[in-house]
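# Survey of secondary and tertiary structure
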Amino acid sequence: MFAEQEAAARKVIEQYIDGTCNSDVAVLKTCFHSGVVMNGCFDGKLLLGTPEPFFQEIAVPIKAKSPLSRLRKHRQRDSQGERVRRQHRLHQLFYLMDIEGRWQITSKTFITE
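Residues numbered from 1 in each chain as written. Predicted model: local features only at pLDDT ≥ 70, side-chain atom pairs only at ≥ 80, totals over all residues. Heavy atoms only, no water.

## A closer look at the pattern of salt bridges
- One pass over the full model with this rule turns up one salt bridge.
- In this structure, Glu 6 engages Arg 10 in a salt bridge whose closest nitrogen and oxygen atoms are separated by 3.0 Å. Remark: Arg 10 and Glu 6 occur in helix α1 (residues 2-21); sequence separation between them is four residues, near one turn of the helix.
- What makes Glu 6 partly exposed here is its relative accessible area of 31%. (Salt bridge = Lys/Arg side-chain N within 4 Å of Asp/Glu carboxyl O. Helix = DSSP H or I, 4+ residues; strand = E, 2+ residues; numbered from the N terminus. Buried < 20%, exposed > 50% of the residue type's maximum accessible area, 1.4 Å probe, protein only.)

## Regarding the packing of aromatic side chains
- In total, this model carries five aromatic pairs according to the counting rule given.
- Between the aromatic rings of Phe 32 and Phe 55, the centroid separation amounts to 5.7 Å while the plane-to-plane angle is 75°, which identifies the pairing as edge-to-face. Linking Phe 32 in strand β1 (residues 32-42) with Phe 55 in helix α3 (residues 52-59), this pair joins segments that are 23 residues apart in sequence. The pair formed by Phe 32 and Phe 55 is uniform in burial state, with each residue classed as buried.
- Through pairs of rings, three or more aromatic residues link up here, namely Tyr 16, Phe 32, Phe 54, Phe 55 and Phe 94.
- The residue whose ring lies beneath Lys 108 is Phe 54, and the NZ or CZ to ring-centre distance is 4.4 Å.
- Positioned above the aromatic ring of Phe 110 is the side chain of Lys 108, whose terminal nitrogen or guanidinium carbon lies 5.2 Å from the ring centre. (Phe/Tyr/Trp six-rings, centres within 6.5 Å; stacked < 30°, edge-to-face > 60°. Lys NZ or Arg CZ within 6 Å of the ring centre and 35° of its normal.)

## Topic: the sheet that holds β1
- Sheet architecture is open: four strands sit in the order β2-β1-β4-β3, paired in mixed fashion. The two strands at the open ends of the sheet, each matched to only one other strand, are β2 (45-49) and β3 (90-99). On average, each strand axis in the sheet is tilted by 15° relative to the strand beside it, whichever way the strands run. (Pairing = 2+ DSSP bridges. Axes fitted to C-alpha atoms, helices over the stretch in contact; angles between N-to-C directions.)

## Describing α1
- Along its 20 residues, α1 runs 29 Å from first to last C-alpha, staying within 8% of the 28 Å computed at 1.5 Å per residue.
- The complete set of buried residues in α1 reads Ala 9, Val 12, Tyr 16, Gly 19 and Thr 20. Take α1 and look down its axis: the buried residues cluster within an arc of 110°, on one side only. Away from its buried face, by an angle of more than 90 degrees, α1 presents the exposed residues Ala 3, Glu 4, Arg 10 and Lys 11.
- After α1 finishes, the residue Ser 23 shows a positive phi value of roughly 55°. (Expected span 1.5 Å × (residues − 1). Arc of directions from axis to C-beta.)

## Section: α3
- Looking at α3, one finds that the buried residues are Phe 54, Phe 55 and Ile 58. Viewed end-on, α3 has its buried residues packed into an arc of 100°, placing them on one side of the element. For α3, exposure combined with an orientation more than 90 degrees from the buried face picks out Gln 56 and Ala 59.

## A few points about the environment of Leu 96
- On the secondary structure map, Leu 96 appears in strand β3.
- Look at Leu 96 and you get buried, because its relative accessible area is 18%.
- Expressed as a C-alpha distance, the spacing of Leu 96 and Val 36, which sit 60 residues apart in the sequence, is 9.9 Å.
- If we ignore the near neighbours within four places in the chain, the residues touching Leu 96 are Ala 9, Val 12, Ile 13, Trp 103, Gln 104, Ile 105 and Thr 106. (Contact = heavy atoms within 4.5 Å.)

What follows is the structure, encoded as structure tokens:
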């Protein structure tokens, strides 16, 4: 039973990663509980509250020059298939809960350096 729960929770994180890298806000919103709390510091800016600023930033095309867009761009691979050098190092901590049979992110804490 634990293995099934772990797999279900990991699937949420995988969806979160895919949604972030593909600028898919609809997918990201399915990962978060409606009462999620998202706190952290990104590029020197303190962000406290809901994930709405994150969703708005993700919706910006990756070619834009915002800090998160640059981070997403640097997570992609170049034409030779090599990992592109990152400008930011992002640390994230997720808290997930199984609520009514569905794993969801209920809290996210993050910081860049």
